[in-house]
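Summary of the model geometry
Here's the letter readout for the chains.
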Amino acid sequence: MNLLRYRPHLVVAASLIAVLAVYGAALSYIAAKSAWADEVLQTVEPRYARLLGLRVSAESIGQSLARASAILARHTYPASAVADRVGTDLQQRLRNAAEAAGVGVSGSQIVPGKADQDMEDIGVSMTLDADVAQLQAMLERLEDQSPLIYLDSISFQPSGRNAEGRLSIRARFSALRSRS
């Protein structure tokens, strides 16, 4: 009978405990979500800052890319050029430089080169007959040409002729062709 007398108080207390439990669970859920959101923000913030930095420097990156593309275009054959045609053009450029420098060309041959995803190396093997000054003049003429011509390997032997100071030279030259 004693419980009946305290029944209104017990109902209010039980109701209050139930409401506090619901609010406690809700607050606990909100606190967990807040901690999770803070953690996500901490991991995303550096990425966002990098992207913001890229966005701010997009114009200078674009200008640098344009400059690099222009330099690449000056130093390589374009992807639109057929590899066989590039080899023939390279061979003709080398023969013209040799002729202008007074270097005798005994033979020249387009040789297969290496290729990777972005660039293809197109080579020409040449047998030359010259003295040191003529060879130097030929190489100086090649230095100013565009697209660039690279000297990959060179070997010298005294010429079989009786001319003093003449060399028999085997050299491999190459140029790059863009593949993209």
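Preceding block: the structure.
Residues numbered from 1 in each chain as written. Predicted model: local features only at pLDDT ≥ 70, side-chain atom pairs only at ≥ 80, totals over all residues. Heavy atoms only, no water.

Re the packing of aromatic side chains
On inspection of all chains with the given rule, the structure shows zero aromatic pairs. Sitting above the plane of the W36 ring, K33 keeps its charged end 5.3 Å from the centroid. (Phe/Tyr/Trp six-rings, centres within 6.5 Å; stacked < 30°, edge-to-face > 60°. Lys NZ or Arg CZ within 6 Å of the ring centre and 35° of its normal.)

Details of the pattern of salt bridges
The full count for this structure, using the stated rule, is four salt bridges. In this structure, R177 engages E120 in a salt bridge whose closest nitrogen and oxygen atoms are separated by 2.7 Å. A residue pair is termed long-range when its members are at least 10 positions apart, and R177 in strand β4 (residues 167-178) and E120 in strand β2 (residues 119-130) qualify at 57 residues. For the pair shown, R177 and E120 are each scored as buried. One salt bridge in this structure joins D152 and R172, with 2.4 Å as the shortest N-O distance. (Salt bridge = Lys/Arg side-chain N within 4 Å of Asp/Glu carboxyl O. Helix = DSSP H or I, 4+ residues; strand = E, 2+ residues; numbered from the N terminus. Buried < 20%, exposed > 50% of the residue type's maximum accessible area, 1.4 Å probe, protein only.)

Observations concerning the sheet that holds β2
Strand pairing in a sheet takes place through backbone hydrogen bonds and is either antiparallel or parallel in direction. The four strands lie next to each other as β1-β2-β4-β3, forming an open sheet whose pairing is antiparallel. In this open sheet, the two edge strands, each paired with only one partner strand, are β1 (104-111) and β3 (150-158). Between one strand axis and the next, the sheet turns through 15° on average, direction left out of account. Bridge count between β3 and β4: eight bridges; the pairing is antiparallel. Each bridged residue has a counterpart across the sheet, and for S155 the counterpart in β4 is R170. Its contacts with the sheet place helix α5 (residues 132-143) against β2, β3 and β4, and it is angled at close to 5° to β4. (Pairing = 2+ DSSP bridges. Axes fitted to C-alpha atoms, helices over the stretch in contact; angles between N-to-C directions. Contact = heavy atoms within 4.5 Å.)

Some words on α5
In this model α5 runs 16 Å from its N-terminal to its C-terminal C-alpha over 12 residues, within 8% of the 16 Å that 1.5 Å per residue would give. Those residues of α5 lying buried are Q134, L135, M138 and L142. The buried side chains of α5 occupy one side of the element, clustering within an arc of 100° when seen end-on. Within α5, the exposed residues directed more than 90 degrees away from the buried face are V132, A133 and E143. In this structure, the buried side of α5 is in contact with α4 (83-101), β2, β3 and β4. For α5, the capping residue at the N-terminal end is D131, with a side-chain oxygen 3.2 Å from the backbone nitrogen of A133. (Expected span 1.5 Å × (residues − 1). Arc of directions from axis to C-beta. Polar contact = N/O pair within 3.5 Å; in protein donor to acceptor, adjacent residues only side chain to side chain.)

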